[in-house]
Amino acid sequence: MDSRKIALLVGALFVAAVSAFMARSLVTGSAAPTAGAAVAAPAPVDGPEVLVATRALPVGTILDATALKFQPWPKELVGNAYFLKKETDLKSLQGTVVRFAITAGQPVTQGALVHPGDRGFLAAALGPGMRAVTVPVSANTAVAGFVFPGDRVDLVLAQSVPGGGDGPPLKVSETVLRNLRVLATDQRTDNTTDESGKTVVKTFSSVTVEATPKLAEEIALVQTLGGSLSLSLRSLADSATELDQAIASGQIDVPSNGDRKSEKALAARVASTPTAGKTTFITGAEVSRFQRSTIPGKANDGPPGVGSLSGSGGNGGPVVRIARGNNVTEVSVGGKN
């Protein structure tokens, strides 16, 4: 083989090697193509917009602006009892009460709602086994009118407790009932809005709350004790805190199977249950050094062995009775000679 053929063979091998190296670099350097699944856009619904529930609405729910919305619905499934967007004013439905349970996303029918002023409205707003009780409050004790139907409040009693001796009575404030659902304020069950859609705050002189039969008796008794009743507006986060406390104390049992539906039902039950007992209180001495911390005692109260006033002696003056063991000695003081 001559030198010319050898040179051509070596050159061919060199070109083949370079081509193979470049091909390998291109394969390893480029990212492997990924097959992206094309997400098909949902087909538009051919039908009018109807009123649906944005969340689960149990029986007795007082509707607000966040409970309802309009959503397109297939025209062949639209019933005569549905609320159509072109015929419905959402503001007119605020304050109505759910007569039958409505699941989230389900269309709301006209027969499922009870309007204020309709017969049986208040009875529909009450939960099973609950009662409606009206409590008089003053403008100064009603959270300045910021309590609306559907809110939850605590009932606080402030009173004076007299004693048998001289001195001022004991001033005390006590939370007697908790987690009461407000049904109406001054016989109004809806929230009045202005032209811009903002809720109008108005003071009221009475509030109707939902309570168990036993708590209804306690509310009736509280009103006869004198003093003044105040409303304390509860936070929405209190329900979760009280649920944790009830679980920790063993008052309720958490489902062991981890069922989310059962846990939600448990939380809803705790959030909607009014409670009494284990009241908290504060006395006048805790807020002012010039007030008492105990009920004034009687004038002749005192421990054994200590002198105490015991009325008048034979000379018309006061008598101090001194007890030393079983021996009692009376000493007249300040008498007339």
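Calculation rules
- Residues numbered from 1 in each chain as written.
- Predicted model: local features only at pLDDT ≥ 70, side-chain atom pairs only at ≥ 80, totals over all residues.
- Heavy atoms only, no water.
- Helix = DSSP H or I, 4+ residues; strand = E, 2+ residues; numbered from the N terminus.
- Buried < 20%, exposed > 50% of the residue type's maximum accessible area, 1.4 Å probe, protein only.
- Contact = heavy atoms within 4.5 Å.
- Polar contact = N/O pair within 3.5 Å; in protein donor to acceptor, adjacent residues only side chain to side chain.
- Core = buried A, V, L, I, M, F, W, Y, C linked by side-chain atoms within 4.5 Å.
- Salt bridge = Lys/Arg side-chain N within 4 Å of Asp/Glu carboxyl O.
- Patch = residues over 30% accessible without salt bridge, like charges linked within 9 Å, V, L, I, M, F, W, Y side chains within 5 Å.
- Areas by Shrake-Rupley, 256 points an atom, 1.4 Å probe, with all protein chains shown as cover.
- Arc of directions from axis to C-beta.
- pLDDT = per-residue confidence, 0-100.
- Pairing = 2+ DSSP bridges.

Summing up its helical and strand segments, the chain has six helices and 13 strands in all. Taking all 337 residues of the chain together, the buried fraction comes to 28%. By sequence separation, contacts in the chain at least 24 residues apart represent 65% of the contacts at least 6 residues apart.

Within the secondary structure, Asp154 sits in strand β6 (residues 152-161). The buried category is assigned to Asp154, whose relative accessible area is 11%. Side-chain polar atoms of Asp154 contact the backbone nitrogen of Asn179, separated by 3.0 Å. Leave out the neighbours within four places in its chain, and Asp154 touches Thr175, Leu177, Arg178, Asn179, Ser230, Leu231, Ser232 and Arg234.

Before going further, it helps to examine unusual backbone geometry. For Asn179, which is not glycine, the phi dihedral falls at a positive 60°. Here Asn179 lies in strand β7 (residues 170-185). A relative accessible area of 2% means that Asn179 is categorised as buried.

Moving on to the nonpolar core. By size, the foremost hydrophobic cluster in this structure holds 21 residues, and its most contacted members are Val135, Leu155, Leu177, Leu180, Val207, Ile219 and Leu231. Mapped by element, the contributors of at least two residues to this core are β5 (131-136), β6, β7, β8 (206-211), α4 (213-222) and β9 (228-233). When sequence neighbours within four positions are dropped, the list of residues in contact with Val207 reads Val133, Thr134, Val135, Val137, Val182, Ala184, Thr185 and Leu231. With 14 residues, the next largest nonpolar core counts Leu57, Ala67, Phe70 and Leu93 among its residues.

Here we take up the pattern of salt bridges. Under the criterion given, the structure shown has four salt bridges. With a shortest N-O distance of 3.6 Å, Asp64 and Arg55 are connected by a salt bridge.

Turning our eyes to something else, we now look at a nonpolar patch on the surface. On the surface, Phe14, Val15, Val18, Phe21 and Met22 cluster together into a nonpolar patch covering about 540 Å² of accessible area. The residue Val15 is located in helix α1 (residues 3-29) in this model.

For the rest of this paragraph, the subject is the environment of Ser332. Along the chain, Ser332 falls in strand β13 (residues 327-332). The sequence separation of Ser332 and Val319 amounts to 13 residues, and the corresponding C-alpha distance is 4.3 Å.

On to α4, then. Leu215, Ala216, Ile219 and Val222 are the residues of α4 that are buried. End-on, the buried residues of α4 take up no more than an arc of 120°, which puts them together on one face. Those residues of α4 that are exposed and angled more than 90 degrees off the buried face are Lys214, Glu217 and Leu221.

A few words now on the environment of Arg55. Topologically, Arg55 is positioned in the loop between β1 (49-53) and β2 (68-72). Distance from Arg55 to Ile102, taken between C-alpha atoms, is 8.4 Å for residues 47 residues apart in sequence. A polar contact is formed between the side chain of Arg55 and the side chain of Thr66, at a distance of 3.3 Å.

This part is about the confidence of the model for the chain. Residue-level pLDDT values for the chain average 77, and 69% of them are 70 or greater. Contacts for the low-pLDDT stretch residues 304-313, under 50 throughout, to residues beyond four places or in other chains number 24 contacts.

Before going further, it helps to spend a moment on the pairing of β7. In terms of burial, β7 is a largely internal element, 13 of the 16 residues being buried. Relative to strand β10 (residues 275-283), β7 is paired through six bridges, and the arrangement is antiparallel. Its bridge partner being in β10, Arg178 is matched across the sheet by Thr275. Looking at chain direction, β7 and β8 are connected through four bridges and run antiparallel. Note on β8: the bridge partner recorded for Val182 is Val209.

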